[in-house]
Structure formats: C-alpha cells, structure tokens
Amino acid sequence: MKSWLMPTSRVLGQLSNAMLWIAGVGLVSMTAIVAYQVFMRFVINQSPAWTEAGSIMIMTWFIFLGAAVGVRENFHMGFDVLLYVLPPSAKPWLRAISDVAVFCFAFGMAFYGGELAVRYWSTRIPVLGLPTAFTYFPIVISGALMCLFAAERILLRLAGEPVDDIPVDPTITEA
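Remember, predicted model here, so these are calculated numbers, not experimental data.

S.K.: Residue-level account of the environment of Val-71, with values.
M.R.: As for its placement among the helices and strands, Val-71 is situated in helix H2 (residues 50–72). In the structure, Val-71 is positioned 75 residues away from Met-146 in sequence and 6.2 Å away in space, judged by C-alpha atoms.

If you want it as structure tokens, here you go:
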C-alpha cells in the first residue's frame, strides 16, 4: 500500500500548498478591493457597486480553501480533552474517529453544496454578473478537498505512518 500512498501524499501536499497560496492571494485581493472601496466612498464620493459583493465572494473562497488546508495539516477544530485523560494507545483511535467525522461532514458539504450550485446555476448575482452558483462552488471544492485530505490521513494511519505527531521545528529552542 505504501508504494502508491507516499507519492500520492506528496502530490496532495503540493495541492494543499497551492490552495494555501490561492487563499493568500485571495486575502490580499480582498484587502485591496476593500481599500479601493473605502477610497472611492470617502475620497471620490462614488463607491462602485461590485466591491462589496466581490470582496465577500473572495472572502468565501479563501476561508473555505484555508479550512481544507487546515484539515490536511491537522489544524482544524477538534475536541482533544479525551486525548489528555485516556492512555496514549487511544490517541490513534480517537484521531481516526475524528478523521472519519471530518470526511463525512466534508462529503455532506460537497454533496449538498453541489445541489445548491446546480439549483442556482441559472440565476445571476446582479452586481457581479456571475451565476449565483459561484457562491456555492467554494463549499463544493473545499468539501471535496477535505474528503481527499481526511482519506489521506486515514490511509496513512492504516499504513503505519505517524500522521498524529506534530512536527517539531528544530529552530525553536526553549528558554
């Protein structure tokens, strides 16, 4: 199983990095649009109609892409109290249950987000001219990515890889 799993994991790592960069560009773009909107409103006294809807659309994209990256990097929200009171041998089981729950939730995001996208494909966002379905695409894409990343974690754990260990940064020293 490891023969194809590790190269696939590296590709998913590159995909995760690409999504993180796209989210970062989205954050910078949204900031620039909001700054442009403020300038146009308070200096020129004529605010463009598309800036608010555009910045919210971009914000939706970078939040959902960032959430998908968080699943891969194991930075997503979790309830870790049990990890501190149960024996260390229970940790992989609890993490696996968490990954299965994330997978199921993400599958629901992709499936139901897809239904919304199909339903609203024919309507348009007036100020942007985009299909309303574009509002739901981040949910679908993020859900699909979360499914991939959660499945990767489950398969790596089954293959005996240390996916639950937090990597230690050797440049950080304790005082």
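Past the structure itself, the notes keep going.
S.K.: How would you summarise the packing of aromatic side chains if you had to cite specific residues and measurements?
M.R.: Taken as a whole, this structure holds 7 aromatic pairs when the rule is applied. Ring plane angle 10° and centroid distance 6.4 Å describe the contact between Phe-107 and Phe-111, whose orientation is recorded as stacked. Of the two residues, Phe-107 and Phe-111 both sit in helix H4 (residues 91–119), 4 residues apart, roughly one turn of that helix. Classification of Phe-107 by relative accessible area gives partly exposed; the value is 49%. According to the relative accessible area criterion, Phe-111 is partly exposed, its value standing at 39%. What links up through ring pairs into an aromatic cluster is the set Trp-61, Trp-121, Phe-134 and Phe-137.

S.K.: Can you lay out helix H5 (residues 137–158) for me, pointing to particular residues and giving the numbers?
M.R.: A rise of 1.5 Å per residue sets the reference length of H5, with its 22 residues, at 32 Å; its end C-alpha atoms lie 32 Å apart and thus fit the reference within 8%. Gly-160, located one to two residues past H5, shows a positive phi value of around 90°.

S.K.: How would you explain the packing of H4 against H5 if you had to name every residue and give the values?
M.R.: Two quantities define a packed helix pair, namely the angle between the helix axes and the distance between the axes. Relative orientation of the contacting elements H4 and H5 amounts to 155°, with a least axis distance of 7 Å. Relative to H5, the element H4 lies roughly antiparallel. Remark: the crossing between H4 and H5 carries left-handed chirality. Partitioning the contact of H4 with H5 into residue classes produces 19 nonpolar, 4 polar and 4 charged.

S.K.: Tell me about a nonpolar patch on the surface, and name the residues and values.
M.R.: Side chains of Val-34, Val-38, Phe-39, Phe-42, Val-43 and Ile-44 sit close together on the surface and give an oily, nonpolar patch of about 560 Å² of accessible area. Structurally, Phe-39 is set in helix H1 (residues 2–44). Given a relative accessible area of 41%, Phe-39 falls into the partly exposed group.

S.K.: Tell me about the packing of H2 against H5, and name the residues and values.
M.R.: Their axes nearest at 8 Å, the elements H2 and H5 cross at an angle of 5°. It follows from the interaxial angle that H2 and H5 lie roughly parallel. Between H2 and H5, the contacting residues are Thr-60, Trp-61, Phe-64, Leu-65, Ala-67, Ala-68, Val-71 and Arg-72 on the first element and Phe-137, Pro-138, Ile-139, Ile-141, Ser-142, Leu-145, Met-146, Phe-149, Ala-150, Glu-152 and Arg-153 on the second.

S.K.: Before we move on, could you go through the nonpolar core and cite the residues and values that matter?
M.R.: In this structure, Met-19, Leu-65, Ala-68, Val-71, Leu-145, Met-146 and Phe-149 are the most contacted members of the largest nonpolar core, which totals 24 residues. Those elements that provide at least two residues to this core are H1, H2, H4 and H5. Per-element accounting of this core gives the leading share, 7 residues, to H2.

S.K.: Go over unusual backbone geometry with me, naming the residues and quoting the values.
M.R.: Although it is not a glycine, Asn-45 adopts a positive phi angle of roughly 65°. The residue Asn-45 is located in the loop between H1 and H2 in this model.

S.K.: Describe the pattern of salt bridges, listing the residues and the values that go with them.
M.R.: In total, this model carries 4 salt bridges according to the counting rule given. Salt-bridge contacts for Arg-72 lead to Glu-73; the nearest nitrogen and oxygen are separated by 3.5 Å. Here Glu-152 and Arg-72 are joined by a salt bridge, their closest N and O atoms 2.9 Å apart. Taken together, the positions of Glu-152 in helix H5 and Arg-72 in helix H2 put the pair 80 residues apart, joining distant regions of the chain. Neither Glu-152 nor Arg-72 differs from the other in exposure class; each is buried.

Each value, and the rule that gives it
Residues numbered from 1 in each chain as written. Predicted model: local features only at pLDDT ≥ 70, side-chain atom pairs only at ≥ 80, totals over all residues. Heavy atoms only, no water. Helix = DSSP H or I, 4+ residues; strand = E, 2+ residues; numbered from the N terminus. Phe/Tyr/Trp six-rings, centres within 6.5 Å; stacked < 30°, edge-to-face > 60°. Buried < 20%, exposed > 50% of the residue type's maximum accessible area, 1.4 Å probe, protein only. Expected span 1.5 Å × (residues − 1). Axes fitted to C-alpha atoms, helices over the stretch in contact; angles between N-to-C directions. Parallel < 35°, antiparallel > 145°, perpendicular 65-115°, else oblique. Left-handed = near helix turned anticlockwise from the far one by under 90°. Nonpolar A, V, L, I, M, F, W, Y, C, P; charged D, E, K, R; others polar. Patch = residues over 30% accessible without salt bridge, like charges linked within 9 Å, V, L, I, M, F, W, Y side chains within 5 Å. Areas by Shrake-Rupley, 256 points an atom, 1.4 Å probe, with all protein chains shown as cover. Salt bridge = Lys/Arg side-chain N within 4 Å of Asp/Glu carboxyl O. Contact = heavy atoms within 4.5 Å. Core = buried A, V, L, I, M, F, W, Y, C linked by side-chain atoms within 4.5 Å.

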